[in-house]
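Analysis of the macromolecular model
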Amino acid sequence: QVQLAESGGGLVQPGGSLRLSCAASRSIFSINTMGWYRQAPGKQRELVADITTGGTRYYANSVKGRFTISRDNAKNTVDLQMNSLAPEDTAVYYCNVARGILSPWGQGTQVTVSP
């Protein structure tokens, strides 16, 4: 049973936008702060944004003002709207529990920002 499934990545030019979506199993989603992480080639995976069940949001400084995280508690989905994308945003993006016990990682979705 797939617990986390990310989608929405792709190739975009600098300055462009993408919207990522993650479908999570209810057992994971309903009680946890959910986050979006990313891993660039040769770098460690990092948390870029998270959102509590009540809607409180956190953003890493590198994405603040450009990315917006949202969740739909009825649909068990968490989205990441990414605007003003830059080459340094290129990475595989994953969703998972934030500030709690991680679930097995999904496949992630590749985001490539290039002219």
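One structure accompanies this document, and this report is about it.

Some details on the packing of aromatic side chains
- The tally for this structure, following the rule as stated, stands at 2 aromatic pairs.
- Considering the side-chain rings of Tyr 37 and Trp 105, the 5.1 Å spacing of their centres and the 85° angle between planes classify their relative orientation as edge-to-face. With Tyr 37 in strand β4 (residues 34-39) and Trp 105 in the loop between β9 (91-97) and β10 (109-113), this residue pair connects regions lying 68 residues apart in the sequence.
- For Trp 105, a relative accessible area of 32% translates into the label partly exposed.
- Between Tyr 94 and Trp 105 the ring centres are 5.6 Å apart and the planes differ by 75°, which places this aromatic pair in the edge-to-face class. With a gap of 11 residues between them, Tyr 94 in strand β9 and Trp 105 in the loop between β9 and β10 connect regions that are remote in the sequence.
- One Lys or Arg, Arg 45, reaches over the ring of Trp 105 and ends 3.9 Å from the middle of that ring.

Details of the state of the cysteines
- As enumerated under the stated definition, the model contains 1 disulfide in all.
- The partner cysteine of Cys 22 in its disulfide is Cys 95, sulfur to sulfur 1.8 Å. Judged by the sign of its S-S torsion, about 45°, the bond between Cys 22 and Cys 95 is right-handed. Residue Cys 22 is found in strand β3 (residues 18-24), and its partner Cys 95 is found in strand β9; the two are separated by 73 residues along the sequence.
- A residue is classified by how much of its surface remains accessible, and Cys 22, at 0% relative accessible area, is buried.
- When its relative accessible area of 0% is taken as the criterion, Cys 95 is described as buried.

Calculation notes
- Residues numbered from 1 in each chain as written.
- Predicted model: local features only at pLDDT ≥ 70, side-chain atom pairs only at ≥ 80, totals over all residues.
- Heavy atoms only, no water.
- Phe/Tyr/Trp six-rings, centres within 6.5 Å; stacked < 30°, edge-to-face > 60°.
- Helix = DSSP H or I, 4+ residues; strand = E, 2+ residues; numbered from the N terminus.
- Buried < 20%, exposed > 50% of the residue type's maximum accessible area, 1.4 Å probe, protein only.
- Lys NZ or Arg CZ within 6 Å of the ring centre and 35° of its normal.
- Disulfide = S-S within 2.5 Å.

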